[in-house]
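Understanding the architecture of this molecule
So the chains spell out like this:
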Amino acid sequence: DLVRSRGLGDVYKRQLFVQKTGAVRIRALDGKLSTAGTIPVANGAELGLLGVAVQPDFATSRRIVLYWSRADSQGGTASNRLAVSSFVLGATDTIDFATEKKLVENVTGPANHNGGALAFGKDGYLYVGVGDNGCNENIPAVGLHRNLRGTSMNSPNGKVLRVAVDGTVPATNPFVNATGAITGKTLPSGECVREPGATLPTTTEPVRKDIYAVGFRNPFRIWADPVTGFVWVGDVGENSYEEIDVIKSPGQHFGWPLIEGKVGAPGAGPNPATKCSEVVPRTGDCVDPAHVCTHSPRDCESITGGVIVDSCEFPKSWRGTYFFADYETRKVYSMATTPSRDGLVEGSRKVFMELAPTGAGAVSYTHLRAHETVLD
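All figures in this text were calculated on a predicted structure; none of them were measured in a lab.

**Considering the overall build of the protein**
For the protein, the helix and strand inventory stands at two helices and 20 strands. Looking at the protein as a whole, 57% of its 376 residues are labelled buried. Within the protein, contacts between residues separated by at least 24 positions form 60% of all contacts whose residues are at least 6 apart in sequence. On the protein, roughly 14500 Å² of surface is accessible, and the fraction owed to carbon and sulfur atoms is 53%.

Here you go:
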């Protein structure tokens, strides 16, 4: 049930990782494991302790960031299930839960599509990948998908959010000054509710000011390029495609649930790129993924977003290459990036390695430095 690992980057060069059931663990260089703390989580299905990140100023702040589904005993409710907070890791490598600083709140979190992605960007802000809460169905030939959370501006679900380390919303977030109705469209009456008591989303005000990008199904893993600042998203698909999306400008709409995969591709749905700006005018047209892999023929079925490798610790031939994985097919892929690192070169994808046929698939892909050890 290992979920995520991160290098602490301090003088001891240790590795921090979390387990779905709530444990935060530290691996020393000699391989010994210790438990920094255990947070009470609502567990089961895709709920639990889902992500971890190390604050960039860890050397002085000693803060780590956790993404988890808050248990009822800890104040979790239907409309406030998923939480992102930072905590101080004390000198004795024990989390001081009394130092909690809440960064993201009021996120619904039923059984699945809860995201869990955390990444600090070149700008110092924290990017958070949140799933759309499920409600699977075929994209209809006409009309709208019943689950519009990914394109609903008053909902954080199906989005990539951006916040500062103190929990405030950056003034440069794309919708921070949005006022008035985003659109006159209303949700269909059959919009599904996955968790009793959760508030139905709408496509109108009030806009969530922490929204950075829109239109994702389950951005399970994301990575912020320290060179360009672009945010790379592995978005888990539904019927036809898994996506790698690159957020190059704040406020972009990546299509879900109006389009799955690339506009006009078989099985992507009936909508043109203009459907995104029709439903949510401020986002512009739907943005095509940088790459898709298909369910049929079976390329992949549950994508795990990756990283671009740059470190001189890696062979020169690998540098500038994007690596990602698929949980179901148990393969790790490599792809060449464009010269400006804003996309992927079609036709360059290769199987880099295949995991053992039994056991868990790849749930995280961390850009490790020489002192760090692969734990996931």
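**Some points on the nonpolar core**
Val65, Tyr67, Val84, Leu118, Leu126 and Val128 are the most contacted members of the largest nonpolar core, which has 32 residues in total. Once residues lying within four places of it in the same chain are set aside, the contact partners of Leu126 are Val65, Val84, Leu103, Leu118, Ala119, Phe120, Leu161, Arg162 and Val163. Listed in part, the 18 residues of the second largest apolar core include Ile39, Val54, Trp68 and Ala83.

**Focus on empty space enclosed by the protein**
All chains considered together, the criterion is met by three cavities of 30 Å³ or more. Taken as a whole, the largest cavity encloses approximately 40 Å³ of empty space. What lines the largest cavity is simply Arg217, Asp235, Val236, Gly237, Tyr241, Glu243, Trp256, Ile259 and Glu260. For the lining of the largest cavity, the residue count by class is four nonpolar, one polar and four charged.

Reading the values: the criteria
- Residues numbered from 1 in each chain as written.
- Predicted model: local features only at pLDDT ≥ 70, side-chain atom pairs only at ≥ 80, totals over all residues.
- Heavy atoms only, no water.
- Helix = DSSP H or I, 4+ residues; strand = E, 2+ residues; numbered from the N terminus.
- Buried < 20%, exposed > 50% of the residue type's maximum accessible area, 1.4 Å probe, protein only.
- Contact = heavy atoms within 4.5 Å.
- Areas by Shrake-Rupley, 256 points an atom, 1.4 Å probe, with all protein chains shown as cover.
- Core = buried A, V, L, I, M, F, W, Y, C linked by side-chain atoms within 4.5 Å.
- 1 Å grid on protein atoms, 1.4 Å probe; cavity = no way out; pocket = protein on both sides within 12 Å on 5 of 7 lines; lining within 4 Å.
- Points joined across faces, edges and corners; volume = space filled by probe spheres on them.
- Nonpolar A, V, L, I, M, F, W, Y, C, P; charged D, E, K, R; others polar.

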